[in-house]
Amino acid sequence: MANKTQYRQIPTSESQIKKRAKMNPLFRSEEITLCQMFIQPEAAYTSVSELGETGAVQFRDLNTEVNAFQRKFVSEVRRCDEMQRKIRYVEAELKKDGVKIRDCQEVPRAPNPREIIDLEAKLEKTENEIMELSQNAINLKTNYLELIELRHVLKKTQGFFYDENVISTEAMRNNMTQEDATGQGANQGRGRLGFIAGTIQRERVPAFERMLWRISRGNVFLRQAEMDETLEDPETGNTLYKTVFVAFFQGEELKNRIKKVCTGFHASLYPCPSANDEREEMLKGVLTRLEDLNMVLNQTQDHRSRVLHNVSKELPRWSIMVKKMKAIYHTMNLFNMDVTKKCLIGECWVPVLDLHKVQKALSDGSAAVGSTIPSFLNVIETNETKPTFNRTNKFTRGFQNLIDAYGVASYQEVNPALYTIITFPFLFGIMFGDLGHGFIMFAFGFWMVSGERKLGAKKSNNEIWNIFFGGRYIILLMGIFSMYTGFTYNDVFSKSMNIFGSKWRINYNESTIMSNPLLQLDPSSNDLMEGEIYPWGLDPIWQLGTNKIIFLNSYKMKLSIIFGVVHMIFGVCMSTVNHNFFRRRVYILLEFLPQIIFLVLLFAYMVFMMFFKWVLYNPKAIPPHSPGCAPSVLIMFINMMLFKKSPPLHGCNEYMFTDQELLQKIFVFIGLLCIPWMLLGKPLYIMCTRKNNNKVHNGHNGDVNQAMEMTPETPEELAPAAHSESHGHEEEPLSEIFIHQAIHTIEYVLSTVSHTASYLRLWALSLAHAQLSEVLWNMVLALGLKSDDPIKGPIMITIMFAAWACFTLAILVMMEGLSAFLHTLRLHWVEFMSKFYEGLGYVFQPFSFKLILDETDE
Amino acid sequence: MGFMFNIDAGYLEGLCRGFKCGILKQSDYLNLVQCETLEDLKLHLQGTDYGQFLANEPSPLAVSVIDDKLREKLVIEFQHMRNHAVEPLSTFLDFITYSYMIDNIILLITGTLHQRPISELIPKCHPLGSFEQMEAIHVAATPAELYNAVLVDTPLAPFFVDCISEQDLDEMNIEIIRNTLYKAYLEAFYDFCKGLGGTTADVMCEILAFEADRRAIIITINSFGTELSKDDRQKLYPRCGKMFPDGLAALARADDYEQVKAVAEYYAEYAALFDGSGNNPGDKTLEDKFFEHEVKLNVYAFMQQFHFGVFYSYLKLKEQECRNIVWIAECVAQKHRAKIDNYIPIF
């Protein structure tokens, strides 16, 4: 199979590669080939490591039926797991002590087998050392905790005993000498009164007290005082709140039971002499011991932090090395062992342009272990669907992601991302057209782009920020295009700029102007300067007109239909590129041609009529070309479809040019003819070719290609030469083809109408945006500007400006920006891409250390 | 009812159903039984919902570690749901924990009776059933003391009133206490569920009735050859099952296994369990049969929506799964593969 036919030569020379690279930008996904590699077992590790560094290969799992734990290199994976566990342990210890782990500057390569053993030993040693250190620390801290508690017990009990003394001074003094091994002073004075002192966690006190009361039927006298110092649990490092208590009781029996309760409630008991001077002496002893212990503790802490600091320098390197190692063994688990056990066989997808890199990586890998037998890389033919791989850079990545979010392109299909780079920001700009808002967006985008290295280095976990940052170039372009359309609309925060000087002049005298709230300017008189127009965009005088909206609506509505139809025609044309590339040129005739004719004759004709109307009618002309006679293009279009007539006004013509009616009828007729053409052309063609093929096929039925290993799934990918081979797969029954085609046809015909209407969102959003910003200006900022009080005025304008600025940012830039973004996205996904884009591919996921490390960082 | 239910418990039910989807399937078990070592087991469990739960355990693994970790995971999930629950779900979830409290109390009393130090017993207690006064339980020498000193403050107090006596605690007594407590608990839980009404009552009463009958049958079978009198025995039967009252009365008169079987004949679902069981090698024991039936009932609980039964069933199914994994792990660890297939598959 491998050696049979290689109908595409693999480029080997540098010049050939360069040529291909030039031909192969973002236009379509890269050519991928299936390769088989034969690697010596001893060279496998280093070879895979090299391949991981290049990141140009996607391996296929050749052992899908084997369980995870029955694979070949599972024990090595386990060793990595164990090392990772140790690393995690050390990391946790570092975190506990607040030692910062610095990212390592250069990424180390995967360790070679000898280094692995070293690494394992180092990790083992470090783990043991740290474990021992923390065990020591825990012991010391427990000791320390006990002493502190004892100190508190001794101090706090002072008060209790003083109260008690008042009750039974005599009795206490007689018996304070008795003290037993477990450490409570038993005071057997009047009525044999004894006591136990200790500490208990604060939240357990109420239950503890109740239980003592219950077991003694109220014969225990409990005194307690809260410790004002917070303690630290030596094992977990959590803070502890404890309470000192002394329980007075009578009798030996009760003492045992109280002690049982104390252990049950995790209370720690401490010896506490009842005599004042003895207690003070003990306190002194405790204090000196505490001091000593403190010193020891400090020293151990110092030692520990020294050790941890040393480790923290090495740890990131180790972590990366282990991760790489684990990835290598996981990949090797995907390989097959050859029957003679002399080499490992792997299958992988490789972009043709990277074949030489892979070759080099393999030879480097075998050279690293000094293997005498080189590794082989065989290109094999396959009919399986290949993965889609678009090489992107930081600029194109964002746009490619927009497309991939809809569906990954089928292998080598035309990639709309290339055109999206311009059309996306442009359509966005039409909706978001405002120079001021556009500038804010541009500034934000520019800040992100100019500081991308610094901002990118700070790996943020904030999802929203990452989305913005990932689309920084999109934002930048959207900002620029919005500024452009804003300039054309002559809109800056809803105000206009009179840069070139308005071409209208006022011929009214002052008194007329002062006495009339509304005055009309007539374009047919000399209010409009003869032969001059405002050089770019909208004349600023419209800002003052009460009919501004009416004018803009008509203007923007037409604009959006024009752009929409052009966009769609472009989309339909893209399908020829696909048909041509996949060698199904006959579909250009059967699918593309009726589609484009339908679209052009009906909708592009409408667009043409818009332009024609603009040209034909002008204010200074006489009927039938005066403005009053201009027919509505929409009504005209509807009439054309319904073969209806509407009576023209007096002195006007219904049609703009002679024979228009006949032309329209022909157009509609041809358009309708396209529908059965679309509906039946492709299925009938398939039916015919099948019949022919069957005849040919039956001729030499004996030699059906036995060499086919895998059944081809997508007939489009086969060259016509390979047609006879395609019979390995089951054909779609004809009835289904007919039904699919019917659905496609209905969809297309309906969509031309609905999609054209859908582009009206360009107008609607643009209108909403302009109106909203005007409302914001009039209702908020204008209020501040209008007040002329010398004191209140500045205050008002300050406050109002702040409010206006906030609303502008939050509503007009953020919210409106998002909504315009979404609508643009929809226009691309649905209206544009549905004309040619399949999007049934799957992404090429190379085995790359860089990707693996980035992924685990998150 | 659904929209009212979802106000308080919708999130938790969703969560619980999500957890339920993580329960191992038959195919997982088929893979698990192929494991050669516990490391293999760990590797396979990593591919399931358990994820990295054993990742921080140093090798070599012990079965007890797996057991602890399995239980820990379950307890965390359950407590998360308990912490987010409001009335009446919170009481319902509390009721579930009472059975573990009973087990813990009995474990501790038996332990202290055999002179075991309390610190050795505490780790064996189920964390869901721990309560504040638990560790001081060994102050009590008689059931009355146990009640007065320890249990009176716990939610178990109302269940205990039937057991108060001044007799010393001995093994027989403890066994009676356990069963009386359990009986009172089951009946209270049954009434509580019935009081909740709706689908919860439908589902839970079915499960609890089976639990009650199972206890009655097991108590009867285990009492043969002991000094427990028939009258005392009858007092231990929970009276909320399907066998109440006729079946229980008949059970009370039974003298040997055959007679118990004869009583069960009257109840179609139990008759089937008895028929399918046997003590010969290769047969399933009656206990296993009961477990299987319990699993079936608990799986049915997920067929309906908007009720509390899913929480109970999830816990029970997950417990069964822990038992299964531990069983397989034991078989793998001891290289005793003959009976490795005796786990009870859930889905």
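Residues numbered from 1 in each chain as written. Chains lettered and ligands numbered in written order. Predicted model: local features only at pLDDT ≥ 70, side-chain atom pairs only at ≥ 80, totals over all residues. Heavy atoms only, no water.

Examining the overall build of chain B
Inference 1: Assigned secondary structure in chain B consists of 16 helices and zero strands.
Inference 2: Whereas a compact globule of 347 residues would reach a radius of gyration of roughly 20 Å, chain B reaches 21 Å, a difference of no more than 12%.
Inference 3: On the principal axes, the C-alpha backbone points of chain B span a range of 55 × 50 × 50 Å.
Inference 4: Every one of the 347 residues in chain B was classed for burial, and the buried ones make up 54%. (Helix = DSSP H or I, 4+ residues; strand = E, 2+ residues; numbered from the N terminus. Rg over C-alpha atoms; globule rule 2.2 N^0.38 Å. Buried < 20%, exposed > 50% of the residue type's maximum accessible area, 1.4 Å probe, protein only.)

Some details on the UniProt feature "transmembrane region" (unreviewed entry) in chain A
Inference 1: Those residues carrying the UniProt feature "transmembrane region" (unreviewed entry) are residues 418–444, 464–487, 559–577, 589–612, 662–680 and 795–815 of chain A in this numbering.
Inference 2: The span residues 795–815 of chain A is 100% helix and 0% strand, and its two end C-alpha atoms sit 29 Å from each other. (UniProt positions renumbered as here; feature names shortened; annotations may be inferred.)

Topic: the UniProt feature "coiled-coil region" (unreviewed entry) in chain A
Inference 1: If you check UniProt for "coiled-coil region" (unreviewed entry), the listed places come out as residues 116–143 of chain A in our numbering.
Inference 2: In this annotation, residues 116–143 of chain A is assigned 100% helix and 0% strand; the end-to-end C-alpha distance for the span is 40 Å.

Quick look at the state of the cysteines
Residue and element names in this part refer to chain A.
Inference 1: Within this structure, the stated rule accounts for one disulfide over all chains.
Inference 2: Between Cys629 and Cys652 runs a disulfide, and the two sulfur atoms are separated by 1.8 Å. Because the torsion about its S-S bond is -65°, the bridge between Cys629 and Cys652 counts as left-handed. Pair noted here: Cys629 is in the loop between helix H17 (586–616) and helix H18 (633–642) and Cys652 is in the loop between H18 and helix H19 (660–699), with a separation of 23 residues, a long-range link. Each member of the pair Cys629 and Cys652 is classed as buried.
Inference 3: With no disulfide of its own, Cys348 has Cys35 as its nearest cysteine by sulfur position, at a separation of 5.2 Å.
Inference 4: For Cys348, a relative accessible area of 0% translates into the label buried. (Disulfide = S-S within 2.5 Å.)

As for helix H3 (residues 74–96) of chain A
Inference 1: The end-to-end C-alpha distance of H3(A) is 33 Å, a good match for the 33 Å that 23 residues give at a rise of 1.5 Å each.
Inference 2: Downstream of H3(A) by one or two residues, Gly98(A) has phi in the positive range, about 70°. (Expected span 1.5 Å × (residues − 1).)

Some points on the nonpolar core
Inference 1: One finds Phe92(B), Phe189(B) and Phe311(B) to be the most contacted residues of the largest nonpolar core, which totals 147 residues.
Inference 2: Residues Ile421(A), Met478(A), Tyr748(A) and Phe836(A) belong to the second largest nonpolar core, which totals 70 residues. (Core = buried A, V, L, I, M, F, W, Y, C linked by side-chain atoms within 4.5 Å.)

Points about helix H13 (residues 257–264) of chain B
Since the α-helix turns once every 3.6 residues, residues separated by three or four places project in the same direction.
Residues and elements named next belong to chain B.
Inference 1: Val260, Val263 and Ala264 are the residues of H13 that are buried. Buried residues along H13 cover an arc of 100° about the axis, so they all sit on one side.
Inference 2: In this structure, the buried side of H13 is in contact with helix H10 (198–223), helix H12 (246–253) and helix H14 (268–276). (Arc of directions from axis to C-beta. Contact = heavy atoms within 4.5 Å.)

Some thoughts on the interface of chain B and chain A
Inference 1: Each partner contributes residues to the interface: chain B has 25 residues there, and chain A has 24 residues.
Inference 2: Interface area lost by chain B to chain A is led by Leu43(B), Glu132(B) and Val139(B), which between them contribute 26%.
Inference 3: In this structure, the salt-bridge partner of Arg78(A) is Asp40(B), at a minimum N-O distance of 2.5 Å.
Inference 4: Along the contact surface separating chain B from chain A lie four residue pairs in polar contact (both at pLDDT 80 or more).
Inference 5: Elements with a minimum of two residues in the side of chain B that touches chain A: helix H3 (38–46) and helix H7 (143–150) of chain B. (Buried area = accessible area lost by both parts, 1.4 Å probe. Salt bridge = Lys/Arg side-chain N within 4 Å of Asp/Glu carboxyl O. Polar contact = N/O pair within 3.5 Å; in protein donor to acceptor, adjacent residues only side chain to side chain.)

A few points about the pattern of salt bridges
Side chains that carry opposite charge are capable of pairing whenever their charged atoms lie near each other.
Inference 1: Here the structure, examined in full by the defined rule, presents 53 salt bridges over all chains.
Inference 2: Across the pair Arg214(A) and Asp153(B) runs a salt bridge, and its minimum N-O distance is 2.4 Å. Of this pair, Arg214(A) sits in helix H5 (residues 205–215) while Asp153(B) sits in the loop between H7 and helix H8 (157–160), each in a different chain.
Inference 3: Note that Lys242(B) is salt-bridged to Glu206(B), the shortest N-O span being 3.0 Å. With Lys242(B) in the loop between helix H11 (230–236) and H12 and Glu206(B) in helix H10, the pair connects residues that are 36 residues apart, well separated along the chain.
Inference 4: With a relative accessible area of 35%, Lys242(B) lands in the partly exposed category.
Inference 5: Several salt bridges converge on common partners, so that one network encompasses Glu30(A), Asp354(A), Lys357(A) and Arg391(A).

Digging into the side chain of Glu149(A)
Residue and element names in this part refer to chain A.
Inference 1: For Glu149, the location among the structural elements is in helix H4 (residues 113–175).
Inference 2: By relative accessible area, Glu149 is classed as buried at 1%.
Inference 3: Within the structure, the side chain of Glu149 is placed 2.7 Å from the side chain of Thr199, a separation counted as a polar contact.
Inference 4: Residue contacts for Glu149: discarding those within four places in its chain leaves Thr199, Met227, Leu231, Lys242, Ser268 and Tyr270.

Details of the sheet that holds strand S7 (residues 242–250) of chain A
Note on sheets: strands pair through backbone hydrogen bonds, and any given pair is parallel or antiparallel.
Residue and element names in this part refer to chain A.
Inference 1: Overall, antiparallel pairing links the four strands, which are arranged S4-S7-S3-S8 in an open sheet. Each edge of the open sheet carries a strand with a single partner, namely strand S4 (221–226) and strand S8 (268–270). The mean inter-strand angle of the sheet, taken between neighbouring strand axes irrespective of direction, is 25°.
Inference 2: Of the strands in this sheet, strand S3 (193–201), S4 and S7 are in contact with H5, which crosses S4 at around 170°.
Inference 3: Of the strands in this sheet, S3, S7 and S8 are in contact with helix H6 (residues 252–264), which crosses S7 at around 160°. (Pairing = 2+ DSSP bridges. Axes fitted to C-alpha atoms, helices over the stretch in contact; angles between N-to-C directions.)

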